[in-house]
Amino acid sequence: MTSFPTPYTIAIIGAASGIGRAAASLMAGRGAAVICLDRDGEGARRAANEIAAAGGKAAGYALEITDRSQKAVWDAVLRESGQLHALVNCAGVTGKTNLKVHEVDPDDFDLVYRINMLGPLLVSQAVLPHMMEKNYGRILHLASIAGKDGNAGMTAYSATKAGVIGLVKSMGKDYAETGITINALAPAVIRTPMVAALPEAQVAYMTDKIPMKRCGELEEAAEMIAWIVSPACSFTTGFTFDLSGGRAVY
Ligand SMILES: NC(=O)c1ccc[n+]([C@@H]2O[C@H](COP(=O)([O-])OP(=O)(O)OC[C@H]3O[C@@H](n4cnc5c(N)ncnc54)[C@H](O)[C@@H]3O)[C@@H](O)[C@H]2O)c1
């Protein structure tokens, strides 16, 4: 079971809901101080309050990851923590789904691109100078099995999640000679508000492809996230971890 040294501060983006929310709770329960960030600032603060009420160390702030001027938020996070040891980026959207490519709205594609792909670049850029100064860091971005396989009906999502996989391959190598690792995690279907908002036909298409014939659990995602951003995961960078019930073949 992963546990964290003290102090160990982890910022989680997308902490108001789903996988980010579950990871924040689990990692706080294992001794990390968690900074909950989300464009839903109220949700981020609520998550932090609930974690603190359960005995964890937590703070919550609003953060829009497509915002190119995030400095004020990160300055506050660094002031609060002193050292930021890890960043887990769970912010993501599917955009419109169940559409063939000729039906895709370029504006929707652009929105999904900015959140799912430009966002990971921007938040990495925001924390890397601090991690370089400390010569230590763990960065984890949520990709998806859709980025490896390509899900029919999900062009923007599949393309941008493939982009995240490419992004971490490159970024991991950029910092491989430092104490910073940069990885991704590619889940198949995990029942969260994001999945609940998809058309049932789209969810059935994705779930039928899982050899274990079930969805992943939030706790399974949170456990893996905790280990990947812990000091114990020290010889892996630029890699996309699998969480797909046997669906992924690479
Ligand atoms: N649930 C799944 O089956 C599944 C599978 C593969 C990958 N993923 C990925 O895991 C991550 C988390 O997904 P989830 O299912 O927990 O989704 P979710 O919708 O439950 O939570 C996502 C959170 O991200 C926040 N967010 C969205 N856009 C943002 C932005 N621009 N700036 C800041 N915050 C923003 C939302 O407010 C929300 O709280 C996403 O990147 C998703 O693509 C999920």
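Provided above is the structure to which this section pertains.
Residues numbered from 1 in each chain as written. Predicted model: local features only at pLDDT ≥ 70, side-chain atom pairs only at ≥ 80, totals over all residues. Heavy atoms only, no water.

Honestly, the packing of helix α1 (residues 18-29) against helix α9 (residues 218-228) in this entry has me stumped. Any pointers?
Two packed helices can be described by the angle between their axes and the distance between those axes. Interaxial distance between α1 and α9 falls to 8 Å at its minimum, and their mutual angle equals 60 degrees. One element, α1, and the other, α9, form an angle in the oblique class. In this structure, α1 meets α9 at a crossing whose hand is right-handed. Here α1 contributes G18, I19, A22, A23, L26 and M27 to the contact with α9, which in turn contributes L218, A221, A222, E223, I225 and A226. Residues of the contact of α1 with α9, tallied by class, amount to 10 nonpolar, one polar and one charged. (Axes fitted to C-alpha atoms, helices over the stretch in contact; angles between N-to-C directions. Helix = DSSP H or I, 4+ residues; strand = E, 2+ residues; numbered from the N terminus. Parallel < 35°, antiparallel > 145°, perpendicular 65-115°, else oblique. Left-handed = near helix turned anticlockwise from the far one by under 90°. Contact = heavy atoms within 4.5 Å. Nonpolar A, V, L, I, M, F, W, Y, C, P; charged D, E, K, R; others polar.)

Would you take a moment to explain the pattern of salt bridges for this structure?
Should their charged atoms come close, side chains of opposite charge can pair. Enumeration over the complete set of coordinates arrives at seven salt bridges. Measuring nitrogen to oxygen at the nearest pair gives 3.7 Å for the salt bridge that ties D105 to K96. Relative accessible area serves as the criterion here: at 30%, D105 is assigned to the partly exposed category. For the salt bridge of E220 with R214, the shortest nitrogen-to-oxygen distance reads 2.8 Å. Judged by its relative accessible area of 32%, E220 falls in the partly exposed class. (Salt bridge = Lys/Arg side-chain N within 4 Å of Asp/Glu carboxyl O. Buried < 20%, exposed > 50% of the residue type's maximum accessible area, 1.4 Å probe, protein only.)

Hey, could you run me through the side chain of N183 in this one?
You can see N183 is positioned in strand β6 (residues 180-187). Taking the relative accessible area as the measure of exposure, N183 reaches 0% and is therefore buried. One polar contact links the side chain of N183 to the main-chain amide nitrogen of G238, over a distance of 3.2 Å. Within the structure, N183 has its side chain in polar contact with the backbone nitrogen of F239 (distance 2.9 Å). (Polar contact = N/O pair within 3.5 Å; in protein donor to acceptor, adjacent residues only side chain to side chain.)

Looking at this structure, I do not really get unusual backbone geometry. What am I missing?
Excluding glycine, residues mostly have negative phi values, and the peptide bonds linking residues are mostly trans. With omega at 0 degrees, the peptide bond leading from T6 into P7 counts as cis. With respect to the helices and strands, the residue P7 is situated in the segment before β1 (9-13). Located in the positive-phi region is N98, a residue other than glycine, with phi close to 60 degrees. As for its placement among the helices and strands, N98 is situated in the loop between β4 (86-89) and α4 (106-134). One non-glycine residue with positive phi stands out, namely N135, at about 55 degrees. Examined against the element boundaries, N135 turns out to sit in the loop between α4 and β5 (137-142).

Help me understand the sheet that holds β4, please; the structure alone is not making it clear to me.
Backbone hydrogen bonds hold the strands of a sheet together, and the pairing may be parallel or antiparallel. Strand order in the open sheet made by the seven strands is β3-β2-β1-β4-β5-β6-β7, with parallel pairing throughout. Taken across any chain shown, the strands that pair with only one partner, and hence form the sheet edges, are β3 (57-62) and β7 (240-243). In this sheet, neighbouring strand axes are inclined to one another by 20 degrees on average, regardless of whether the strands run parallel or antiparallel. Two strands pair when backbone bridges link them, and β1 and β4 are joined in this way by four bridges, in the parallel orientation. Residue I10 lies in a different strand from β4, and its bridge partner there is A86. Running at roughly 160 degrees to β6, helix α6 (residues 155-174) makes contact with β5, β6 and β7 of the sheet. The sheet strands contacting α9 are β4, β5, β6 and β7, and the helix crosses β7 at an angle near 155 degrees. (Pairing = 2+ DSSP bridges.)

Would you mind showing me how to read the site of the ligand here?
For the ligand, the set of nearby residues contains 27 residues, the closest of which are S17, D38, Y157, I190 and T192. In the environment of the ligand, an oxygen atom lies 2.7 Å from a nitrogen or oxygen atom belonging to the backbone of I19. Between an oxygen atom of the ligand and a side-chain N or O atom of T192, the distance comes to 2.5 Å. Protein chains shield 94% of the accessible area of the ligand, which is 820 Å² for the free molecule. Elements represented by at least two residues in the shell around the ligand include exactly α1, α6 and α7 (193-196). (Near = heavy atom within 4 Å. Areas by Shrake-Rupley, 256 points an atom, 1.4 Å probe, with all protein chains shown as cover.)

By themselves, these observations are geometric and do not establish any function.
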